[in-house]
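One letter stands for each residue in the lines below.
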Amino acid sequence: MATEAGTRRLVALDEAAMRLGLHPGQKVADALALAPDLVTVEHDPAVDRAALEALSDWCVRFSPAVALDGDDGLFLDITGTDHLWGGEAAMLADLLARLARWGVPARAAIADTPGAAWALARFGARFGDDGQIAPPNGQRALLADLPVAALRLDATATAQLPRLGLYRIGQLLGLPRAQLAKRFGLLLTLRLDQALGAGGEALVFRRPACPWLERLAFAEPISAPDDLARATGDITALICRRLEAEGQGARRFEVTFHRLDGKAMSVRAGLARAGRDAARLTRLLAPRLDVIDPGFGIEVVTVFAGDVEPLSATQARLDAEAGAGLDETLAPLVDRLVNRLGEERVWRADPYESHVPERALVRRAPLAAPSGAGWDPDRPRPVRLFRRPEAITALAKVPDDPPVQFTWRGRAHRVRRAEGPERIGQEWWRGDFATTGPGRVRDYYRVEDEVGGRFWIFRQGLFGGDEVPKWWIHGLFG
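Residues numbered from 1 in each chain as written. Predicted model: local features only at pLDDT ≥ 70, side-chain atom pairs only at ≥ 80, totals over all residues. Heavy atoms only, no water.

Draft legend 1. Looking closely at the nonpolar core. Counting residues in hydrophobic clusters, the biggest one holds 27 residues, and the most contacted among them are Ile239, Phe253, Val255, Phe257, Val267, Ile292 and Val301. Put simply, the parts of the chain that give this core at least two residues each are strand 7 (213–222), helix 11 (225–245), strand 8 (248–259), strand 9 (264–275), helix 12 (278–285) and strand 10 (298–306). Examining the composition of this core, we find that six residues originate from one element, helix 11, more than from any other. Judged by nonpolar contacts, the second largest core, of 24 residues, contains Ala111, Ala134, Val148 and Leu188. (Core = buried A, V, L, I, M, F, W, Y, C linked by side-chain atoms within 4.5 Å. Buried < 20%, exposed > 50% of the residue type's maximum accessible area, 1.4 Å probe, protein only. Helix = DSSP H or I, 4+ residues; strand = E, 2+ residues; numbered from the N terminus.)

What follows is the structure, encoded as structure tokens:
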């Protein structure tokens, strides 16, 4: 129950309450008058939403494209997946049987359009556990006898149509569309078109619709670690054979293990370059299988391939004695490092158009295509650039000269050679003048000490200003 405008009302009911004649929206006081033993609990929308989202994630075993429908429904796009069960009827029966076994009451229907499936599931004639399936292009006849509320109209139109004698959808089909739109709004004609297939309807799927899905079901549940590893190899082989047949490769693979209790657990692997080598993928996924808790058993395994792109076959080199190329030997190493350490820890520095050192590079995937940009050879940058400059003390013959000595981390360094200065100002268009004024100007020097160490240091600020210039070290050349 929930409180609306100071009145407590029923929000949802179980089958026993509905058999007593109670209905959603009814006042709790009236319901208690009809059923004095009625047990009520406070409605928690967040918990209901989380449960519906969990159910939608579970439905991924039936279709990778699942969309939420309000607070109590789901849309599944089963195009191209029903053959895995032997047809639509078998798939629908399996879905409803599983939900019933877990105590989840559900009604379902299959049709060409989301609107027709919604109407048949919620307002169709009472049917058995097998559900109702509309034949291809046959939803018009089935919808004709349904009430107008099955069109998902707003409350005003749903209440007004019966007052005018229009109770069934079939009555609307014979009326002039222009008059319907003028009298009841464009939503009515839009819902009619969507239900009959004359108008499109976009669904927002919780997971992007992915055609690269393979499914492996077992006659008996599996749980042994060796069986999980073997199933991983089998399912990756299925998706890789399909990718190869269509001349494609993928960068992301996700293997999901579906338990008997409905929970799903996934392991993921990424490739530095698009590929379709099942053995290589299995080696990357196998170390991660220890996080899979099979519970009472795994009954279904699915695999998704993401970031799919064309991948042509590679011809072996004629001069075999030359060995494999650098990329061929480096890619497996990068894949192992990325999957073990994480994508954010393995990267390559690429040039970025900015003269400010902190912004002069961006992180890219290790084997990503080169951007084509490069650093100015006349302005060398250190091999190691500190994340933050570190303060130092320095002595110079005259204020604007490079230092002859500086102290860094408690150690004194006597300068033998120095190059510079290279003056770098802040990018004034990124902030106000107070953060980019003369006090932020930097004069960089490349200096070498007596033992051969090379440093990149700078003096921040100008002499004669409000603040005394300070010295910093920003990197090491080697």
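Draft legend 2. Quick look at the environment of Leu281. Take Leu281: it is sitting in helix 12. Leu281 gets classed as buried once you look at its relative accessible area, which sits at 1%. For Leu281, the contacting residues outside a window of four places in its chain are Thr236, Cys240, Phe253 and Leu271. (Contact = heavy atoms within 4.5 Å.)

Draft legend 3. Representation of the pairing of strand 10 in the model. In terms of residue burial, strand 10 counts as a mostly covered element, since eight of its nine residues are buried. Bridge analysis of strand 7 against strand 10 gives six bridges, and the strand direction is antiparallel. Its bridge partner lying in strand 10, Leu216 is registered against Val301. Where strand 8 meets strand 10, eight bridges bridge the pair, whose relative direction is antiparallel. (Pairing = 2+ DSSP bridges.)

Draft legend 4. Expanded view of the packing of aromatic side chains. Within this structure, the stated rule accounts for ten aromatic pairs. Measuring from centroid to centroid gives 4.8 Å for Trp58 and Trp102, while their planes differ by 70°, and the two rings are edge-to-face. One end of the pair, Trp58, is in helix 3 (residues 45–58); the other, Trp102, is in the loop between helix 4 (88–101) and strand 5 (109–110), with 44 residues separating them in the sequence. Trp58 sits in the buried class, given a relative accessible area of 4%. Through a chain of ring-to-ring contacts, three or more aromatic side chains come together here, namely Trp58, Phe62, Trp85 and Trp102. Between the NZ or CZ atom of Arg152 and the centre of the ring of Trp118, over which it lies, the distance is 6.0 Å. Positioned above the aromatic ring of Phe477 is the side chain of Arg454, whose terminal nitrogen or guanidinium carbon lies 5.0 Å from the ring centre. (Phe/Tyr/Trp six-rings, centres within 6.5 Å; stacked < 30°, edge-to-face > 60°. Lys NZ or Arg CZ within 6 Å of the ring centre and 35° of its normal.)

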